[in-house]
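Here's the letter readout for the chains.
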Amino acid sequence: MAAPRSPAWNKAPFGNSYDAVARYSCSLPHFCDWIRRGTLQNFPRDPTLDELFEAASAARQNAYAPYSRFKVAASIRTPSGSIYCGVNVESASFPVGTCAEAGAIAAMALAGERVIAEILIVGDGDALVTPCGACRQRIFEFAGGGDPRVHVAGPGGVRTSFSLRLLLPHAFGPNLMPP
Ligand SMILES: O=c1ccn([C@H]2C[C@H](O)[C@@H](CO)O2)c(=O)[nH]1
Ligand SMILES: [Zn+2]
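In this text, all values refer to a predicted model and were calculated from it rather than measured experimentally. (Residues numbered from 1 in each chain as written. Chains lettered and ligands numbered in written order. Predicted model: local features only at pLDDT ≥ 70, side-chain atom pairs only at ≥ 80, totals over all residues. Heavy atoms only, no water.)

### Quick look at the UniProt feature "active site" (unreviewed entry) in the protein chain
How we decide: UniProt positions are given in the numbering used here, feature names are shortened, and annotations may be inferred rather than shown by experiment. Under the scheme used here, helices are H or I runs from DSSP no shorter than 4 residues and strands are E runs no shorter than 2 residues, and both carry numbers assigned from the N terminus. For each residue, the accessible area found with a 1.4 Å probe, counting protein chains only, is set against the maximum for its type, and the residue is called buried under 20%, exposed over 50%, and partly exposed in between.
The UniProt record marks Glu101 with the feature "active site" (unreviewed entry), using the residue numbering of this structure. Secondary-structure assignment places Glu101 in helix H4 (residues 100–110). Classification of Glu101 as buried rests on a relative accessible area of 4%.

Take a look at the structure:
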């Protein structure tokens, strides 16, 4: 069932809170259950996400997306509290382009960090900019045995949050590699 649309679809009127997706769907028992199982509700607003959101929003200006014109940025917070950002970088040879999440993970790894506590992705448009399948796997590689929150934001703020395990159930990862 589609969530009702509103003119404020991507505006996050309560700051970086859940937007229409969760606010409307939460009134339905089925989605309430879905939210309890796999997503986290930041209502009316989670101030701890401000820094993560601002960092990604600033980074997004430097996204290189001349082909899709769809600029995306990701920001990662590690257990140390540090924040690392990345942007999508496209290529005239289309498949060569890389996602914002991959850039943020590269920045984190370069700094010597290996665990994603939470990650935020910001993009524009009506649809939620959730990580692609490859990036879900990339994030899982650095989940550190935990279940990082994946926050999905529009230009107005965080729209909704998922747990990685909801986005990538029964994942194959480093824990399953033979020694
Ligand atoms: O979570 C996402 C979704 C899309 N993109 C990029 C890839 C491509 O450059 C553009 C259009 O798919 O957006 C990301 O970086 N992250
Ligand atoms: Zn991706």
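### Observations concerning the sheet that holds strand E1 (residues 73–77)
So the rule is basically this: By the convention used here, strands pair only if DSSP detects at least 2 bridges between them. A fitted line through C-alpha atoms serves as each axis, taken over the contacting stretch for helices, and the angle formed by two N-to-C directions is quoted from 0 to 180°. By the convention used here, residues are in contact when the closest approach between their heavy atoms is within 4.5 Å.
Strand order in the open sheet formed by five strands is E2-E1-E3-E4-E5, with mixed pairing between adjacent strands. With one partner strand each, in any of the chains shown, strand E2 (83–87) and strand E5 (157–163) form the two edges of the open sheet. Going across the sheet, the axis of each strand differs from the next one's by a mean of 20 degrees, ignoring polarity. The sheet strands contacting helix H3 (residues 50–60) are E1, E2, strand E3 (118–122), strand E4 (149–154) and E5, and the helix crosses E1 at an angle near 145 degrees.

### Looking at the coordination of the zinc ion (ligand 2)
Heads up, the condition is: Sites may look incomplete, because water is not among the atoms used; the donor set itself consists of N, O and S atoms within 2.8 Å of the metal (3.2 Å for Na, K and Ca).
Within the protein, Cys99 (SG), Cys132 (SG) and Cys135 (SG) serve as the donor atoms for the zinc ion (ligand 2), at 2.2 to 2.3 Å. In primary sequence terms, the donor set of the zinc ion (ligand 2) follows C-x32-C-x2-C. Of the two residues, Cys99 sits in the loop between E2 and H4 while Cys135 sits in helix H5 (residues 133–141), which places them 36 residues apart along the sequence.

### What about the environment of Pro79?
Along the chain, Pro79 turns up in the loop between E1 and E2. Residues Pro79 and Ile116, 37 residues apart in the sequence, show an inter-C-alpha distance of 7.2 Å.

### A few points about the side chain of Arg136
Just so we agree on the cut-off: In this count, Lys and Arg are taken as positive residues and Asp and Glu as negative ones, while His and the chain termini are left out. Salt bridge, as used here, is a side-chain nitrogen of Lys or Arg placed within 4 Å of a carboxyl oxygen of Asp or Glu. Whenever a nitrogen or oxygen atom comes within 3.5 Å of another N or O atom, the pair is scored as a polar contact, on the condition that within protein one atom can donate a hydrogen and the other can accept it, and that pairs from neighbouring residues in sequence are kept only if both atoms are in side chains.
Mapped onto the secondary structure, Arg136 falls in helix H5. No salt bridge forms around the buried Arg136; measuring N to O, its nearest opposite-charge neighbour Glu101 is 7.8 Å away. Side-chain polar atoms of Arg136 contact the side chain of Thr130, separated by 3.5 Å.

### Quick word on the pattern of salt bridges
Within this structure, the stated rule accounts for five salt bridges. Taking the shortest distance from any N to any O, the salt bridge between Asp147 and Arg165 comes out at 3.9 Å. Taken as a pair, Asp147 in the loop between H5 and E4 and Arg165 in helix H6 (residues 164–167) lie far apart in primary sequence, 18 residues in all. Note on Asp147: relative accessible area 35%, which makes it partly exposed. When salt bridges with common partners are traced through the structure, they connect Asp46, Glu51, Arg77, Glu118 and Arg149 into a single cluster.

### A short note on the site of ligand 1
Quick note on the threshold: One heavy atom within 4 Å of a molecule or strand is enough for the residue carrying it to be called near that molecule or strand. With residues, only the protein chains shown are counted as cover, and all accessible areas are computed by Shrake-Rupley using a 1.4 Å probe. Amino acids outside the nonpolar list (Ala, Val, Leu, Ile, Met, Phe, Trp, Tyr, Cys, Pro) and the charged list (Asp, Glu, Lys, Arg) are all regarded as polar, and Gly is one of them.
Every residue near ligand 1 is listed here: Ser68, Phe70, Val72, Asn88, Glu90, Cys99, Ala100, Glu101, Val129, Thr130 and Pro131. Within the contact set of ligand 1, an oxygen atom lies 3.0 Å away from a side-chain nitrogen or oxygen of Asn88. Between an oxygen atom of ligand 1 and a main-chain N or O atom of Ala100, the distance comes to 2.8 Å. In the complex, 77% of the free accessible area of ligand 1, which totals 370 Å², lies under the protein chains. Its residues placed into classes, the shell around ligand 1 shows six nonpolar, three polar and two charged.

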